[in-house]
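Listed below are the residues making up each chain.
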Amino acid sequence: MKKWLKRGLVLPLLLLAILIAGCTEKGSDTKKPVDNTVSKENPSGDLAPLKKKVKVKIAEDGAASGAGFYIANEKGYFKDYNIEVEFAQFANSDDMLPALAAGEVEMAGGISTASFFNAIAQGIDVKIVGDKGHNMPGKSYFTFVVSDKMKNVIKDYTDMKGKKIAISSRNSIDGYIYELMLRHAGLTEKDVETVVMSDFGSMLGALQNGSIDAALSIEPLIAQGVEKGIIHRFKDATDFAPDSQIALVLASPKFVSTDREVSLRFMLAYLKGVRDYNDAFTKGKGKAEIVSIMTKYTALKDPAIWDKVNVTGLDPNGEMRMEDIQNQYNMYKENGATKGTFEFDKAIDTSLTEEAVKIIGSYK
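None of the values given here were measured: they were computed from a predicted structure. (Residues numbered from 1 in each chain as written. Predicted model: local features only at pLDDT ≥ 70, side-chain atom pairs only at ≥ 80, totals over all residues. Heavy atoms only, no water.)

Structural notes on the pairing of strand β10 (residues 247-251)
We count it as follows: Here's how the labels work: a residue is buried when its accessible area is under 20% of the maximum for its type, exposed when over 50%, partly exposed in between, all with a 1.4 Å probe on protein chains only. By definition, any uninterrupted DSSP run of H or I lasting at least four residues is a helix, any uninterrupted run of E lasting at least two residues is a strand, and each is numbered from the N terminus. Pairing between two strands requires that DSSP report at least two bridges joining them.
Of all the five residues making up β10, five are buried; the element is thus mostly covered by neighbouring parts of the structure. Because side chains alternate across β10, one face comprises the buried residues A247, V249 and A251, and the other comprises L248 and L250, equally buried. Of the pairings in the sheet, the one linking strand β3 (residues 107-111) to β10 comprises five bridges and is antiparallel in character. For I111, the partnering residue across the bridge sits in β10 and is A247.

Next comes the structure, spelled out in structure tokens:
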């Protein structure tokens, strides 16, 4: 996973620009009452559409965890509120996070890393507003796998001792899950050989040729590797990390506050998409339609594989695993990877998702 910060003069200049913008707009950063008029003509059945069409840019690269965005777009939930969405791709996260803070994009997805917390601590103002991915109990989409040669050797976590284990990065959600696994096994990094491989795809080849014994991998590569007989799923990450927050929905501060009429309707549409996703993958309701949408937006184009992957967990009420986010930050801090102080109360704003759930009710 890539660093969120650029080096050199770019970050200081960006921070200065954001600081100036914050000073000039401070007086307008008050939340106005939202027009909650219900329109009988509105297919949504709740808030009336915006009077004028508004475009909302989403930084999303086709990750499966963006399902709520894709489904809401394809099923017309955004359109119901007179919102048009545009998916904006960035070369890397270094570019995406500052663009979100500056309001060049309104919504995005983020992965927990030390550099992400550092960016916010150093003045990159974005809001963490909801869940965008967590492991489902017994069906982790982000979990350990072992090579075919090791399937009868590594049978329990303690058997990881002395083995070569690959992770994609340190001081990130990968490193966090890895450290929790070692603790669960009663091991330390001195007991194993850690191999950092930034490309998940390369791990499959390394497992196949025996240069590594196990790896922390991700779907759909896990399902594809299992299908080819290259790897085997090793237990489940929720054995030792039952409630881990993998990815987060991020928002521009201005979008959450001064553009509340739009952002609330956006969140309503998003949660409806997430609920359709849960209906499909936990209840089997309308699954063929949802799979068709997912094959359109993600790299996993084979509908049959969607029956074999462990899908990303997406909370139908947008709720985040707050305690786990705190634990992740604490671990990065213990490792000396954080700088400054991350103010949770300032950076995390759940009001948008909570207000949306009040309108459409809790998922059942």
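Focus: the packing of aromatic side chains
Each aromatic ring pair is summarised here by two numbers: the centre-to-centre distance and the angle between the ring planes. Selection criterion: Geometry of aromatic contacts follows a simple scheme: Phe, Tyr and Trp rings, the Trp one being its six-membered ring, pair when their centres are within 6.5 Å, and the pair is stacked under 30 degrees between planes, edge-to-face over 60, tilted otherwise.
Evaluation of the coordinates by the stated rule reveals 21 aromatic pairs. With 5.6 Å between their ring centres and 85 degrees between their planes, Y329 and F344 make a pair best called edge-to-face. Here Y329 is found in helix α12 (residues 322-334), whereas its partner F344 is found in helix α13 (residues 344-347), with 15 residues between them in sequence. Here Y329 and F344 have matching classes, each one buried. An aromatic cluster of at least three residues, connected via ring pairs, comprises F116, F117, Y329, Y332, F342 and F344.

What about the sheet that holds strand β9 (residues 231-233)?
The cut-off we apply is this: To get an axis, a line is fitted to the C-alpha atoms, and for a helix only the part in contact is used. The angle between two axes follows their N-to-C directions and goes from 0 to 180 degrees. The contact rule is simple, with two residues in contact once any of their heavy atoms fall within 4.5 Å.
Across the sheet, which stays open at both edges, the five strands sit in the order β7-β6-β8-β5-β9 with mixed pairing between neighbours. The open sheet terminates on both sides in strands that have one partner only, identified here as β7 (193-196) and β9. For this sheet the average axis-to-axis angle between neighbouring strands, irrespective of direction, equals 35 degrees. Taken together, the three bridges between strand β5 (residues 142-147) and β9 define a ladder with antiparallel strand orientation. Among the inter-strand pairings, V146 is bridged to a residue of β9, identified as H232. Against the sheet, helix α6 (residues 173-185) engages β5, β6 (164-167), β7 and β8 (214-218), with an angle of about 65 degrees to β5.

A look at unusual backbone geometry
Negative phi values dominate among residues other than glycine, just as trans dominates among peptide bonds. Cis geometry is found at the peptide bond from E219 to P220, where omega equals 5 degrees. Secondary-structure assignment places P220 in the loop between β8 and α8 (221-227). Of note in the backbone geometry, N171 takes a positive phi value of approximately 50 degrees without being a glycine. Tracing the chain through its elements places N171 in the loop between β6 and α6. Residue class for N171 comes out partly exposed when judged on its relative accessible area of 26%. Of note, the phi angle at K235 is positive, near 50 degrees, even though the residue is not glycine. By secondary structure assignment, the location of K235 is in the loop between β9 and β10. Of the residues examined, K235 reaches a relative accessible area of 40% and is grouped as partly exposed.

Considerations on the layout of surface pockets
As a reminder, the rule being used: Cavities and pockets are found on a 1 Å grid laid over the protein atoms alone: a cavity is a set of points where a 1.4 Å probe fits but cannot escape, a pocket is an open set with protein on both sides within 12 Å along at least five of seven lines, and a lining residue has an atom within 4 Å of such a point. Grid points are joined across faces, edges and corners, and a volume is the space filled by probe spheres set on the points. Each residue gets one of three labels, nonpolar for Ala, Val, Leu, Ile, Met, Phe, Trp, Tyr, Cys and Pro, charged for Asp, Glu, Lys and Arg, and polar for the others, Gly among them.
The volume enclosed by the largest pocket comes to roughly 1,300 Å³. Looking at the largest pocket, it is lined by 43 residues, and the ones nearest its centre are D61, A63, I111, F200 and I218. The greatest single-element share of the lining of the largest pocket, amounting to three residues, is contributed by β3. Looking at the lining of the largest pocket, its residues break down into 23 nonpolar, 14 polar and six charged.

Considering the nonpolar core
Note the cut-off: For our purposes a nonpolar core is just a set of buried Ala, Val, Leu, Ile, Met, Phe, Trp, Tyr and Cys residues, chained together by side-chain atoms within 4.5 Å.
I128, F142, F144, I177, M181 and F240 are the most contacted members of the largest nonpolar core, which totals 69 residues. Broken down by element, this core gets its largest block of residues, eight residues, from α6. Beyond its immediate chain neighbours, meaning those up to four positions away, M181 contacts F144, Y157, M160, I165 and F240. In this structure, I83, F281, I290 and I293 belong to the second largest nonpolar core, which totals 47 residues.

Comments concerning the packing of helix α2 (residues 67-74) against helix α11 (residues 287-297)
As a reminder of what qualifies: When describing relative orientation, an angle under 35 degrees is termed roughly parallel and one over 145 degrees roughly antiparallel, while 65 to 115 degrees is termed roughly perpendicular and anything else oblique. Helix crossings get a hand from a simple test, with the near helix turned counterclockwise from the far one by less than a right angle marking a left-handed crossing and a clockwise turn marking a right-handed one.
Across the interface, α2 lies against α11 with an axial gap of 10 Å and an inter-helix angle of 110 degrees. Taken as axis vectors, α2 and α11 run roughly perpendicular relative to one another. In terms of crossing hand, the pair formed by α2 and α11 is right-handed. Packed against α2, whose contacting residues are A67, Y70, I71, N73 and E74, the element α11 presents I290, I293, M294, K296 and Y297 at the interface. Here the contact of α2 with α11 is built from residues that sort into seven nonpolar, one polar and two charged.

Regarding empty space enclosed by the protein
For the coordinates displayed, the defined rule picks out one cavity of 30 Å³ or more. Roughly 30 Å³ of internal volume is contained in the largest cavity. Surrounding the largest cavity, M136, Y277, N278, F281, T282, V311, T312, G313 and L314 form its lining. Its residues placed into classes, the lining of the largest cavity shows five nonpolar, four polar and no charged.

Let's talk about the packing of helix α10 (residues 260-283) against α11
Where α10 contacts α11, the two axes come as close as 8 Å, and the packing angle between them is 115 degrees. Considering how the two elements wind past one another, α10 and α11 form a crossing that is left-handed. Counted together, D276, Y277, A280 and F281 of α10 and K287, I290, V291 and M294 of α11 form the full contact between these two elements. Residue composition of the contact of α10 with α11, by class: six nonpolar, no polar and two charged.

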